[in-house]
Amino acid sequence: MSDQRFIIEMGMGNDQYGQDYTKAAARAIEDAIRHSAISMFAALGKDPKEMRVQVTVGVQEPKKVDCAALAEKLPRGRAEVKAVFGGMNVTNPDDGNVLVIASAAVEAFLPKQV
C-alpha cells in the first residue's frame, strides 16, 4: 500500500550570527509546523505514529546540516529529514557577517485508504 500526502507546510528560518545551518534549518521546520494543528487523528481514531513525516530543508551548504538531530526533534510520526541545496547566505558588507537563511517543506503522509 502506498502513502498519500495529506499536508504540506512551508517555513523559513535563519541564523543571524553563528552561520549554523542546523539551527537555521530547525527554525525553518519550527516555522512550518507551527502553522499546523492536525485534529484528524482524534476525529478518525488514528494513531499519529502511523504518519510518515518527510522534511526537506534547503540551505547553501547541505552537508553542514545534522539531519538526524532535526528528525529527533519532530514531535509526531516517523520522521526523515534531508538537506538539499537551496536557501541563501547574505553577507553584511560592513562586517562580513554571513546570515544563513533556510527554507523547509514539511510533508505528512498516511497509508492510502482504499
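The preceding data block contains the structure.
The model shown is predicted, which means the values in this text are computed figures rather than measured ones. (Residues numbered from 1 in each chain as written. Predicted model: local features only at pLDDT ≥ 70, side-chain atom pairs only at ≥ 80, totals over all residues. Heavy atoms only, no water.)

A. Up close: the pattern of salt bridges. Within this structure, the stated rule accounts for six salt bridges. The residue glutamate 30 makes a salt bridge to arginine 34 at a minimum N-O spacing of 2.8 Å. Exposure remark for arginine 34: the relative accessible area of 53% places this residue in the exposed category. Notably, a salt bridge pairs arginine 52 with glutamate 80, separated by 3.9 Å at the nearest N-O pair. Taken together, the positions of arginine 52 in strand β2 (residues 52-59) and glutamate 80 in strand β3 (residues 78-85) put the pair 28 residues apart, joining distant regions of the chain. Salt bridges here are not isolated pairs; linked through shared partners, they connect Asp3, Arg52 and Glu80. (Salt bridge = Lys/Arg side-chain N within 4 Å of Asp/Glu carboxyl O. Buried < 20%, exposed > 50% of the residue type's maximum accessible area, 1.4 Å probe, protein only. Helix = DSSP H or I, 4+ residues; strand = E, 2+ residues; numbered from the N terminus.)

B. Looking closely at the pairing of β3. Taken together, the eight bridges between β2 and β3 define a ladder with parallel strand orientation. Residue pairing across strands places glutamine 54 opposite glutamate 80, the latter belonging to β3. Crossover connection from β2 via helix α3 (residues 67-73) to parallel β3: handedness right-handed. (Pairing = 2+ DSSP bridges. Right-handed = clockwise from strand over helix to strand, strands pointing away.)

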